[in-house]
Amino acid sequence: MTKPLPSGSTIGIIGGGQLGRMLSVAAARLGYRCHVFDPGALPPAGDTAHAVTTAAYDDQTALRRFAESVDVITYEFENIPTEALDLLQDLRPIHPGREALRISQDRLTEKAFLRGLSLKVAPYADIPDATALDAALAEIGTPAILKTRRFGYDGKGQARIQSPADSAAAWADLHGTALILEGFIDFSHEVSVIAARGLDGSVACFDPGENVHRDGILRTTTVPARLSPAQRSDAILIAAQILNALDYVGVLGVELFVTPQGLVVNEIAPRVHNSGHWTQNGCAVDQFEQHIRAITGWPLGDGARHSDVRMENLIGDDLDRLPELAGARHAALHLYGKTEVKPGRKMGHVNHVLPG
Ligand code: AMP
C-alpha cells in the first residue's frame, strides 16, 4: 500500500457547491482539512471547509496561493478552465487527472473515447453548422437531441428534435457554440454506477442505482436498480474499463441507458455524483469518503451495500416538505445550507432507507 497523506494535510477542492461540502465533511472525518476555491460568495462548502478562497478561475495570483496552501487538489465539477489547470498542475498533484477532465468536458470527445473502448453510445455527429445538422438528421433520423458539446448540465443546453421540421428551431435555440447531435435511445430505464480507483490502481464499485429524471434534473435514485445479474456485471465492468483506460484516481460516475440490446453509455462525470448520494446511508464507506480515500492513498472501501435506499433530491420548493420529512421514519436528511430557494435549485436530498 502507498503511504496515505498524513493526518492534518490539506485537500484543495475546486468548486464549493454541495458536492464540495460533502467531500469536505468526509475529509474532516479522515483527519484532513479542506481549502475550497470558488468564484461565488458564500459557497455551500465554505461552511464546512477549513479555508475558502473567493476568486475567479482566471485570477492567477489566487490560484497560485491556493495551490501552495494545499497538498493535493481535487474538484467537484468538470468545467474548470484549461489555463487554470495548467497553472495548478505544475504546483500540486490533481486527481482525477487532466485526461479525465479533457474527455468529459466535451461530449464529442467523450463519445469518441467511449466508442474507442468498444462501448455502446448513442449514434452521434459533430454539428459545426446548420447544413451539417440537416445532413446528420438524415443519417441518424429522428427523434434526436441537439446538445451543446460543452458546459451542459441538468438538461441545460439541449433541444429535442421530434421530426426534421424541428431542426431550424433547435438550431436557432442553440447555435453559436459547438454542438453535437445524438440519436434518441429508446431505453427502458436509466442507471448509473459510481466507481472508484485508488492510487495503486485498485477498483471498487458501488451497486448500480436506478435514476429518474424530470425536466432534465435527477429526482430519485433507487438501489438496487432493476437489472439482471448479467446487466449488473456489465455495468460494473464498463465502469472499471473506463477507470483503467483513464488511469483514473478518485470517484467517477457513469450514466447508462438500459435497452434490450444492452447498456448504452450516456455520459461520464469525473467526480462524485448526485446519483451516488444514496451511499451515505446505504454503505459503510460512502462515495465522498471513497473519493477522499482514493486521492489521499488510502485503501478503498469495498462498496458493499448494507441497506437498500431511495435517494430523493429536494429541489426548490420541495424544502416546504421539511417538517414532514424530518418526522419520517428511516429518512436521513442532507441539507446544503443554501439560503436562497430558486426553482430547479438543488437544496438538499433525503435518503429513505428501505426496509430490508
Ligand atoms: P444528459 O445531460 O446528456 O445526461 O441528458 C439528460 C437526460 O436527457 C438523460 O438523463 C436522459 O434522460 C435524456 N437523454 C439525454 N441524451 C439522450 C439520448 N441520446 N437518448 C435518450 N434520452 C437522452
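> Got a minute to help me understand the side chain of Ser-307 in this structure?
Within the secondary structure, Ser-307 is located in the loop between helix H10 (287-296) and strand S15 (308-315). Judged by relative accessible area, which is 16%, Ser-307 ranks as buried. A distance of 2.9 Å separates the side chain of Ser-307 from the side chain of His-306, its partner in a polar contact. Discounting residues that sit within four places of it in the chain, Ser-307 has contacts with Asn-281, Gly-282 and Val-353.

> What am I meant to see in the sheet that holds strand S6 (residues 144-148) here?
Pairing between the strands of a sheet is mediated by backbone hydrogen bonds and can be parallel or antiparallel. The 4 strands lie next to each other as S5-S8-S6-S7, forming an open sheet whose pairing is antiparallel. Two strands in the sheet have a free side with no partner beyond their single neighbour: strand S5 (124-127) and strand S7 (158-161). Ignoring which end each strand starts from, the neighbouring axes of this sheet average 20° apart. Across 4 bridges, S5 lies against strand S8 (residues 179-183) in antiparallel orientation. Across the sheet, Ile-127 pairs through a bridge with Leu-179, a residue of S8. Of the strands in this sheet, S5, S6, S7 and S8 touch helix H6 (residues 130-140), which is tilted by about 170° from S5.

> Before we go on, may I ask you to explain helix H1 (residues 18-29) in this structure?
Side chains three or four residues apart in an α-helix point the same way, a direct result of the helix having 3.6 residues per turn. Helix length check: H1, at 12 residues, gives a terminal C-alpha distance of 17 Å against a target of 16 Å (1.5 Å per residue), a fit within 8%. In terms of burial, H1 is a largely internal element, 9 of the 12 residues being buried. Here H1 has its buried residues at Gln-18, Leu-19, Gly-20, Arg-21, Met-22, Leu-23, Ser-24, Ala-26 and Ala-27. Looking at the packing, one finds that the buried side of H1 touches strand S1 (10-14), strand S2 (33-38), helix H9 (279-282), H10, strand S16 (331-335) and strand S17 (346-354).

> Before we go on, may I ask you to explain the nonpolar core in this structure?
One recurring pattern in soluble globular proteins is that nonpolar side chains are buried together. Ile-11, Trp-278, Phe-288 and Ile-292 are the most contacted members of the largest nonpolar core, which has 33 residues in total. Listing elements by their share of this core, those giving two or more residues are S1, H1, S2, strand S9 (189-197), strand S12 (217-223), H10 and S15. Here the element with the most residues in this core is H1; it accounts for 5 residues. If you count residues domain by domain, this core takes at least three from each of domain 1 (10-94) and domain 3 (189-354). Core analysis: the next-biggest nonpolar cluster, separate from the first, contains 30 residues, Leu-227, Ala-235, Ala-239 and Val-258 among them.

> Help me understand the packing of aromatic side chains in this model?
Any two aromatic rings considered together are summarised by their centre-to-centre distance and by the angle between their planes. Per the counting criterion, the structure on display carries 5 aromatic pairs. Note on Phe-187 and Phe-257: the rings are 4.6 Å apart at their centroids and 0° apart in plane angle, and the pair reads as stacked. Here the residue Phe-187 occupies a position in the loop between S8 and S9, and Phe-257 occupies one in strand S13 (residues 250-259), the gap between them amounting to 70 residues. Phe-257 sits in the buried class, given a relative accessible area of 10%. Three or more aromatic residues joined by ring pairs form one cluster here, namely Phe-37, Tyr-57, Phe-66 and Phe-77.

> Looking at this model, I keep getting lost on the site of the ligand. Mind explaining?
Around the ligand sit 16 residues, and of these Lys-147, Gln-158, Ile-185, Glu-190 and Asn-266 come closest. Here an oxygen atom of the ligand sits 2.9 Å away from a polar atom, N or O, in the side chain of Asn-266. Relative to its unbound accessible surface of 470 Å², the ligand loses 94% to contact with the protein. Listing elements by their share of the shell around the ligand, those giving two or more residues are S6, S8, S13 and strand S14 (262-269). Grouping the constituent residues of the shell around the ligand by class yields 6 nonpolar, 4 polar and 6 charged. Counting contributing residues, the shell around the ligand receives three or more from each of domain 2 (123-183) and domain 3 (189-354).

> Just to check I follow, could you spell out the sheet that holds strand S4 (residues 72-75) for this structure?
Ordered by their spatial adjacency, 4 strands build an open sheet running S3-S2-S1-S4, and the pairing between neighbours is parallel. Looking along the sheet, the strands with just one partner apiece sit at the ends: strand S3 (51-54) and S4. Averaged over all neighbouring strand pairs, the angle between strand axes comes to 20°, with direction disregarded.

> Explanation requested: the state of the cysteines in the structure shown.
As used here, a disulfide is simply a covalent bond connecting the sulfur atoms of two cysteines. With the rule as written, the count across this model stands at 0 disulfides. Looking at the unpaired Cys-205, the closest cysteine sulfur is the one in Cys-283, lying at 12 Å.

> What's the story with the pattern of salt bridges in this structure? I'm lost.
Pairing between side chains of opposite charge can happen when their charged atoms approach one another. The full count for this structure, using the stated rule, is 19 salt bridges. Across the salt bridge formed by Glu-99 and Arg-102, the nearest N and O atoms sit 3.0 Å from each other. Note that Glu-99 and Arg-102 are positioned in helix H4 (residues 98-104) at a spacing of 3 residues, about one turn of the helix. Since its relative accessible area comes to 36%, Glu-99 is described here as partly exposed. A salt bridge links Glu-289 to Arg-293; the nearest nitrogen and oxygen atoms lie 2.9 Å apart. Here the residue Glu-289 and the residue Arg-293 both occupy positions in helix H10, the gap between them amounting to 4 residues, near one helical turn. Comparing Glu-289 with Arg-293, the two get one shared label, buried. Where salt bridges share partners, they join Arg-29, Asp-286, Glu-289 and Arg-293 into one cluster.

The rules behind each value
- Residues numbered from 1 in each chain as written.
- Predicted model: local features only at pLDDT ≥ 70, side-chain atom pairs only at ≥ 80, totals over all residues.
- Heavy atoms only, no water.
- Helix = DSSP H or I, 4+ residues; strand = E, 2+ residues; numbered from the N terminus.
- Buried < 20%, exposed > 50% of the residue type's maximum accessible area, 1.4 Å probe, protein only.
- Polar contact = N/O pair within 3.5 Å; in protein donor to acceptor, adjacent residues only side chain to side chain.
- Contact = heavy atoms within 4.5 Å.
- Pairing = 2+ DSSP bridges.
- Axes fitted to C-alpha atoms, helices over the stretch in contact; angles between N-to-C directions.
- Expected span 1.5 Å × (residues − 1).
- Core = buried A, V, L, I, M, F, W, Y, C linked by side-chain atoms within 4.5 Å.
- Domains from an automatic or database assignment.
- Phe/Tyr/Trp six-rings, centres within 6.5 Å; stacked < 30°, edge-to-face > 60°.
- Near = heavy atom within 4 Å.
- Areas by Shrake-Rupley, 256 points an atom, 1.4 Å probe, with all protein chains shown as cover.
- Nonpolar A, V, L, I, M, F, W, Y, C, P; charged D, E, K, R; others polar.
- Disulfide = S-S within 2.5 Å.
- Salt bridge = Lys/Arg side-chain N within 4 Å of Asp/Glu carboxyl O.

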